[in-house]
Amino acid sequence: MTSFRAFGLVEIVVAVAVAALFCMAFVGAITYGEESSTLSGMRNRANFLADEGIEATRNVRDQSYANLVNGTYGLSTTTGSWKLSGSSNTIGLFTRTITIATNDATSKLVTSTVSWQQNAVRTASTSETTILSNTSLLANQAANLQVNTALIHLSGVTSNSLQGITVQNTGTNAIVIDKITVSWTNALRKITQVDINAGTVWSSGGIGTPTGSQSSGTALDITNVSLTGGAAATPITQFLFDGVMLINIFTITFTMSDGSTKTVVTTQL
Amino acid sequence: MMSRRTPYRGFLLVEMVVYTAVAAVLLTVIATCVVAMMRARQKDVAIQEVESQGLEAMLVMTTALKNGQTVVTPSTSAFATTLSVSTSTASVSPMVFSLSNKALVETDGAGASVPLTSKRVVVSNLSFANYATSTTYGSVRIQFTLGYASTTSRFDTNYSQTFYGTGSIHRPPQ
């Protein structure tokens, strides 16, 4: 009988196995840590490329909203500026596609997706989505309102009706005339009626506000007049006053529904 | 008769040999593991340094572009090795980004140059391309390569990456 026997083979094998396990765990942790740094780095760089897709598409939109046609694209810079072309881009190990779809009548949904091979068996992707609006619509309504005063004249038995003005929408989007403010120099006179396209849109009798004959410079809230983009000129049939308006300087300000204004000045002898 | 059994006998030669062999194997395995761990750690430091500094530098430049007024350099459809963005705050306008002593530096207005990258990385191939048109605001593609500046040659710490990104002036349309 031995009271101090040596290690058995089994004990040695177990000890070695435990030591090996620890080693493997450490090496594994460090190796995976390194891999995760690489992967997160890749993702960061992919995010920049996805962002680039959005920024470039925004620039293409700024060139012309009509450039945003639904579909899947890549980007090209061969002409010195951003262009949608092809169906994807390859930047190193990253592949980027830009998808344009309709969001609503005045905006597009743009998605920039970047995908890449993380390792031999795994692919990853990141994407960024934004809505790009037709910013040409942001141009105010007044910018597209053309007021033609070439044929302006005073008419009526007592020269109390200002006629011959036409308004036209030279843009593509509707213009709504909300208010008209007319100023003149003869303080004794008052305005009593405004007719556009042969229909009364304001009168002292109660169409529009305020009611009653109005002095020079009063904003007349007329029945809204809508002008379609590209349509023919609409005549402002008349501004009717309560007396002779000869020898007056008229200042007419149109206020559109978006708050933008257009002013014309004319002198009648 | 006296017993020949000795309760405290020495090791047999074969036992010593086996012991030494096992110890040698164990030590070799452990040493290999430690070296592998150190190598992996060094490499990880290099990767993190390059990736994080690249991310940071790119963010600073794209943000400057987003908040800027106009792109002074490069001009439309042109390339340049410096980026100059004018801002609405006169004291820091223009913001200029360029390469100096292998580092990316930012110079705001008449101020001193401030490095955006540390000595631990080397910046190269810095280039800017303005892909806007005459009717759109500046849209600058930024490209640069970051490499880890190894201080020790004991381990392989070579790591470099090329970063691409684009920043545009974000202003309401004209």
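Rules used in this analysis
- Residues numbered from 1 in each chain as written.
- Chains lettered and ligands numbered in written order.
- Predicted model: local features only at pLDDT ≥ 70, side-chain atom pairs only at ≥ 80, totals over all residues.
- Heavy atoms only, no water.
- Helix = DSSP H or I, 4+ residues; strand = E, 2+ residues; numbered from the N terminus.
- Buried < 20%, exposed > 50% of the residue type's maximum accessible area, 1.4 Å probe, protein only.
- Contact = heavy atoms within 4.5 Å.
- Areas by Shrake-Rupley, 256 points an atom, 1.4 Å probe, with all protein chains shown as cover.
- Salt bridge = Lys/Arg side-chain N within 4 Å of Asp/Glu carboxyl O.
- Axes fitted to C-alpha atoms, helices over the stretch in contact; angles between N-to-C directions.
- Parallel < 35°, antiparallel > 145°, perpendicular 65-115°, else oblique.
- Left-handed = near helix turned anticlockwise from the far one by under 90°.
- Nonpolar A, V, L, I, M, F, W, Y, C, P; charged D, E, K, R; others polar.
- Polar contact = N/O pair within 3.5 Å; in protein donor to acceptor, adjacent residues only side chain to side chain.
- pLDDT = per-residue confidence, 0-100.
- Pairing = 2+ DSSP bridges.
- Patch = residues over 30% accessible without salt bridge, like charges linked within 9 Å, V, L, I, M, F, W, Y side chains within 5 Å.
- Buried area = accessible area lost by both parts, 1.4 Å probe.

### Focus: the overall build of chain A
For chain A, the count of helices and strands is 1 helix and 18 strands. When each of the 269 residues of chain A is scored for burial, the buried share is 38%. A separation of at least 24 residues holds for 57% of the contacts in chain A among residues at least 6 apart in sequence. Put simply, chain A shows about 13300 Å² of open surface, and 58% of that area lies on carbon and sulfur atoms.

### Quick word on the pattern of salt bridges
On inspection of all chains with the given rule, the structure shows 8 salt bridges over all chains. R45 of chain A is paired through a salt bridge with E51 of chain B; the nearest N and O atoms lie 2.8 Å apart. With R45 of chain A in helix α1 (residues 9–63) and E51 of chain B in helix α1 (residues 13–67), the pair connects residues from two separate chains. Judged by relative accessible area, E51 of chain B falls into the buried class, the value being 4%. Close ionic contact of D51 of chain A with K66 of chain B constitutes a salt bridge, the shortest N to O distance being 3.8 Å. Of the two residues, D51 of chain A is situated in helix α1 and K66 of chain B in helix α1; the pairing between them involves two chains. Residue D51 of chain A is classed as buried on the basis of its relative accessible area of 13%. Judged by relative accessible area, which is 28%, K66 of chain B ranks as partly exposed. Look at the salt bridges and you will find they share partners, linking E52 and R96 of chain A together with R141 of chain B into a network.

### Describing the packing of α1 of chain A against α1 of chain B
One way to put it is that α1 of chain A packs onto α1 of chain B with a least axis distance of 10 Å and a crossing angle of 15 degrees. Of the possible angle classes, the one that applies to α1 of chain A and α1 of chain B is roughly parallel. Both α1 of chain A and α1 of chain B take part in a crossing whose hand is left-handed. Partitioning the contact of α1 of chain A with α1 of chain B into residue classes produces 19 nonpolar, 7 polar and 9 charged.

### Considerations on unusual backbone geometry
Peptide bonds are mostly trans, and most non-glycine residues show a negative phi. All names here are of chain B. Across the junction of T73 and P74, the peptide omega takes the value -5 degrees, indicating a cis bond. Among the structural elements, P74 can be located in the loop between β1 (70–73) and β2 (79–80). Note that the residue after S93, namely P94, is joined by a cis bond; omega there is 0 degrees. Positioned with a positive phi, S77 is a non-glycine residue whose angle comes to about 65 degrees.

### Let's talk about the side chain of N130 of chain B
Structurally, N130 of chain B is set in strand β7 (residues 121–130). Residue classification places N130 of chain B among the buried residues on the basis of a relative accessible area of 2%. Separated by 3.0 Å, the side chain of N130 of chain B and the backbone oxygen of P74 of chain B make a polar contact. The residues touching N130 of chain B, leaving out its near neighbours within four places in the chain, are G80 of chain A together with V71, P74, S75, T76, S77, A78, G138, S139 and V140 of chain B.

### Digging into the confidence of the model for chain B
For chain B, per-residue confidence averages 88 on the pLDDT scale, and 93% of positions sit at 70 or higher. Across the predicted assembly, pTM comes out at 0.68 and ipTM at 0.85.

### Considerations on the pairing of strand β13 (residues 199–203) of chain A
Taken residue by residue, a regular strand's side chains alternate between the two faces of the sheet. Where strand β12 (residues 191–196) of chain A lies against β13 of chain A, 4 bridges are found, and the strand directions are antiparallel. Within β13 of chain A, the position partnered with I196 of chain A by the bridge is G199 of chain A.

### Observations regarding a nonpolar patch on the surface
Residues and elements named next belong to chain A. A cluster of nonpolar side chains, contributed by V10, V14, V18, F22 and F26, occupies part of the molecular surface with about 510 Å² of accessible area. Here F22 is to be found in helix α1. Classification of F22 by relative accessible area gives exposed; the value is 53%.

### Details of the sheet that holds strand β15 (residues 234–236) of chain A
The pairing of strands in a sheet happens through backbone hydrogen bonds and is either parallel or antiparallel. Residue and element names in this part refer to chain A. With antiparallel pairing, the 3 strands of this open sheet are ordered in space as β7-β10-β15. Each edge of the sheet is formed by a strand with only one pairing partner; in this case those strands are β7 (145–148) and β15. Geometrically, the sheet is characterised by an average inter-axis angle of 25 degrees between neighbouring strands, direction not taken into account. With 3 bridges connecting them, strand β10 (residues 165–169) and β15 associate as antiparallel partners.

### Focus: the interface of chain B and chain A
At the interface, 38 residues of chain B touch 34 residues of chain A. Surface buried jointly by chain B and chain A totals about 3000 Å² across both partners, of which 64% is contributed by carbon and sulfur atoms. When the area that chain B buries against chain A is broken down by residue, the three leading residues are M37, Y131 and T166 of chain B, summing to 18%. Where chain B packs against chain A, one counts 3 salt bridges. Our count for the chain B to chain A interface comes out at 13 residue pairs in polar contact (both at pLDDT 80 or more). Looking at the side of chain B that touches chain A, the elements with two or more residues in it are α1, β8 (139–148) and β9 (160–168) of chain B. Ranked by residues supplied to the side of chain B that touches chain A, first place goes to α1 of chain B with 17 residues. Grouping the constituent residues of the side of chain B that touches chain A by class yields 18 nonpolar, 13 polar and 7 charged.

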